[in-house]
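The lines below spell out each chain.
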Amino acid sequence: MLQRIQSIWLLLAATMSALSLKFSFFSGNKLNTETNVKEWIEYTAAQGSLNAIFTIAICVATLVCVFMYKDRKRQLLINLIILAVSLLNIFLYYNASKTFTESNTDLTALISLSIPVFLVLAALGIYKDEQLVKKADRLR
């Protein structure tokens, strides 16, 4: 299981997803409607309910996907679904930044932006494994 490089990519994606709950994606000023005062807020995945749900789902699904090494077709399908959810999650981050009066993307946004990269690398590894097994079956 851990001999396969895609398992490493999936574990890295799960780790980055868990870290994005702690580290901010962007920070900026937001107008408080009750006091009419601007507040400086660092926006993490835990602060947006939909972002938190998607981030936790990405983390859990990638960990489950690591242990699906015997069924590569299903593992690839689930990996691609997780990739779509992670891209949707990044879109929600940028959509949330529009509600701020001014916002700056933080350096720790690279944590969330690296998740789709690791998932694409894992998908390529799974696809190569599937092609290798098909070649080996053809030779028999």
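Further up the page is the structure itself.
Presented here is an overview of the structure given in this document. (Residues numbered from 1 in each chain as written. Predicted model: local features only at pLDDT ≥ 70, side-chain atom pairs only at ≥ 80, totals over all residues. Heavy atoms only, no water.)

Remarks on the packing of helix α2 (residues 49-66) against helix α3 (residues 72-97)
If you want to describe how two helices pack, look at the angle between their axes and the distance between the axes. For the pair α2 and α3, interaxial distance at closest approach is 10 Å and the crossing angle is 160°. The orientation of α2 with respect to α3, classified from their angle, is roughly antiparallel. Of the two possible hands of crossing, α2 and α3 adopt the one that is left-handed. On the side of α2, the interface is formed by Leu50, Asn51, Phe54, Thr55, Ile58, Ala61, Thr62, Cys65 and Val66, while α3 contributes Gln75, Ile78, Asn79, Ile82, Val85, Ser86, Leu88, Asn89, Leu92 and Tyr93. Classifying every residue of the contact of α2 with α3 gives twelve nonpolar, seven polar and no charged. (Axes fitted to C-alpha atoms, helices over the stretch in contact; angles between N-to-C directions. Helix = DSSP H or I, 4+ residues; strand = E, 2+ residues; numbered from the N terminus. Parallel < 35°, antiparallel > 145°, perpendicular 65-115°, else oblique. Left-handed = near helix turned anticlockwise from the far one by under 90°. Contact = heavy atoms within 4.5 Å. Nonpolar A, V, L, I, M, F, W, Y, C, P; charged D, E, K, R; others polar.)

Considering α3
With 26 residues, α3 extends 37 Å between its outermost C-alpha atoms, agreeing within 8% with the 38 Å of an ideal straight helix rising 1.5 Å per residue. Along α3, the positions that sit buried rather than exposed are Arg72, Gln75, Asn79, Ile82, Leu83, Ser86, Asn89, Ile90, Leu92, Tyr93, Ala96 and Ser97. (Expected span 1.5 Å × (residues − 1). Buried < 20%, exposed > 50% of the residue type's maximum accessible area, 1.4 Å probe, protein only.)

Considering the pattern of salt bridges
Oppositely charged side chains can form a pair if their charged atoms are brought close together. Summed over the entire model, instances satisfying the criterion amount to three salt bridges. Residues Asp71 and Arg74 are paired through a salt bridge, measuring 3.8 Å at the closest nitrogen-oxygen approach. (Salt bridge = Lys/Arg side-chain N within 4 Å of Asp/Glu carboxyl O.)

A look at the packing of aromatic side chains
Using the criterion set out here, one finds six aromatic pairs in the structure. The interplanar angle of 85° and the centroid separation of 6.3 Å between the aromatic rings of Tyr43 and Tyr93 together place this pair among those described as edge-to-face. Taken as a pair, Tyr43 in strand β2 (residues 37-43) and Tyr93 in helix α3 lie far apart in primary sequence, 50 residues in all. Accessibility classification places Tyr43 together with Tyr93 in one group, the buried group. Taken together through their ring pairs, the aromatic side chains of Phe25, Phe26, Tyr43, Tyr93 and Tyr94 make up a single cluster. (Phe/Tyr/Trp six-rings, centres within 6.5 Å; stacked < 30°, edge-to-face > 60°.)

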